[in-house]
Amino acid sequence: MVTGYPRFFIHLSIEKLARICEQKFGAPNEKCLLCPSKKIADRCRSFMIDRASLAGTPTHVRLVQYHIDPEDTPLPSPQPTVELHIVLFPTEAWPFAKQFWQHTGLGISSRLAVYCLSLLSAESPHSPVLSPKSARTPFKTLNRHYSAKCAPQSSSLGSAPPLSSNSQDELSKDQSTYLEERYGRNLPVSAGSYAKRAMRRRIAGVLVRDNWEDSPHGPCAGADDVEVGPSHRGVKDVTETMYICSKQAYFHTLIPLKFFKNGALGCHFLGHGLDSDIDTLETIIKQELSANPSALPVAALFVEFPSNPLLRSANMSLLRTLADKYDFLLVIDETIGNFVNVNVLQHADIVVSSLSKIFSGDANTMGGSLILNPQSRHYAALKAHMSATYEDTYFDEDAVFMERNSRNFARRIRIIDENTLAVCERNIPTITRHQRGLLPKIHHARKLLLMQAPGGRLRGLFSLTFTSPAASLAFFDNMPFQKGPSLGTNFTLACPYTILAHYLELGWAAEYGVEEGLVRISVGMEEREGLLEGFKAALRAAEAAM
């Protein structure tokens, strides 16, 4: 593979910048991870030291702060100085660094890496990516006077020619930036703060259905109650002691919950996503209270609505009652449901969502959001905590693209909902005859309906499991659509979910109903008849293979 899903595969531009930093600051047999702030780098170091100690392989980690200054350039730049925080560690400690990268979403973005590379000298003989097996040579001091005179005046980034010697690539980049800004598609990169403000208002506006007055049930979330950042995983870190995770089976959720907080007691994973887990939850709470009556038994419960990939939904009203009874935070991830289709804020203390999915739709930028519920009993404390601790590490250019992509997200969701409805209704007889379809309209429909927002419709995601591995393989191989690990794209995207997400723990995933042959489908905006024909062809192939 050349590249892959950002949390699982470190972008080649980030790898290239990391090699440069290793050559400049690293000792022999050291690798590095790049962070956008000192606070995140400190957390990475603590995480790696703790995890290495637990694994019985203690390690040492050191930090370097690196300012990259575009000196002596006449070009306007929205970020004239980039501050990188480099986490250096022995090569054998890389698995712990990769865990931090993958499970927190707090590393630098590929666009930030490209911008940093543009500030570094194109003439450095060490700028190409080195093979991991290549011998290190001493890193020469980079020329920080980076040929600004040669940079085209129209570049909004104020960037130098890239490290590539292909001038046509640079011309295309500048032309693209010019067209995006000149013809009103993108805000100028220098307007990153305005883009973030626009997204906060956009999200808040959807939550109150474009009514800025108080709702009949009390005050609604406003733009000041919404934060956006480079990852919705990065904005979840709000609790302090014990975590309970009641999500669909996804092993990687457990690691940051169990180990990320210093002094954390751990977590419980209730992975079925069913009402039966609620009884188990209360039993756990009572056991904790019995063991230590003076301690807070649970800090937070994290749930999905609905779950990924089985579209299961626990009873949010019961969970809210339990949260009030035992005084813990209820954090709901509504990425699959999305702002337009479901209204879960009424039950949550905090709502989180991945903006990288349908809010963006173009699969070309990352982002996440966190929303505080003003009606929550914890609102004042959470608001004060967020104001005191929130750190904006969202690179401006990433925010600008996210703002551009999301301007019509509600309209796109409506189209996708209608396409999904057509695909499911036309194919339900075939699906129910030969496959066990987990369709958004028929799976846990009553609970989804209770949370449906005004005007909300069918969600654009569903999963299929098959009666045989051969049928699953034939269906997937014959789908005439894009194949990949994400969801919520403007184009239809199919994913062999269990194989990609749980290849090393297939038996464990199966315990929670996630079968090996499951295919997850995120429906897109394609012309409807073409979609229907594509699914029919794939289903025919699956039938023939059985």
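Residues numbered from 1 in each chain as written. Predicted model: local features only at pLDDT ≥ 70, side-chain atom pairs only at ≥ 80, totals over all residues. Heavy atoms only, no water.

Let us now look at the overall build of the protein. Each helix and strand counted, the protein has 17 helices and 15 strands in total. When the 546 residues of the protein are sorted by exposure, 56% land in the buried category. Across the protein, every contact between residues at least 6 apart in sequence was considered, and the portion connecting residues at least 24 apart equals 74%. (Helix = DSSP H or I, 4+ residues; strand = E, 2+ residues; numbered from the N terminus. Buried < 20%, exposed > 50% of the residue type's maximum accessible area, 1.4 Å probe, protein only. Contact = heavy atoms within 4.5 Å.)

Our next topic: the confidence of the model for the protein. Fine structural detail should not be taken from predicted coordinates in areas where pLDDT scores are low. For the protein, mean pLDDT is 79; residues scoring 70 or higher make up 71% of the total. Taking the mean pLDDT of every element in the protein, the minimum, 40, falls on helix α7 (residues 254-259) and the maximum, 98, on strand β1 (residues 30-35). Ignoring residues within four places in sequence, the model shows residues 210-219, a span with pLDDT below 50, making 11 contacts including any to other chains. Every residue in residues 238-242 is under pLDDT 50, and counting partners more than four places away or in other chains gives 21 contacts. (pLDDT = per-residue confidence, 0-100.)

This part is about helix α1 (residues 12-25). In this model, α1 (14 residues) spans 20 Å end to end at C-alpha, consistent with the 20 Å of a helix rising 1.5 Å per residue. A large share of α1 lies buried, amounting to 10 of its 14 residues. All buried positions along α1 are accounted for by Ser-13, Ile-14, Lys-16, Leu-17, Ala-18, Arg-19, Ile-20, Cys-21, Glu-22 and Gln-23. Buried positions along α1 lie against β1, β2 (62-68), β3 (82-90), α3 (94-104) and α4 (110-119). (Expected span 1.5 Å × (residues − 1).)

Omega for the peptide link from Phe-305 to Pro-306 comes to -15 degrees, which places this bond in the cis form. Along the chain, Pro-306 turns up in the loop between β7 (300-304) and α9 (316-326). Residue Asn-308 is joined to Pro-309 through a cis peptide bond whose omega torsion reads 15 degrees. Looking at where Pro-309 falls in the secondary structure, it is placed in the loop between β7 and α9. Phi angles above zero are rare outside glycine, and Asn-29 is one such case at about 65 degrees. As for its position among the elements, Asn-29 is in the loop between α1 and β1. Here Asn-29 falls in the partly exposed class, since its relative accessible area comes to 46%.

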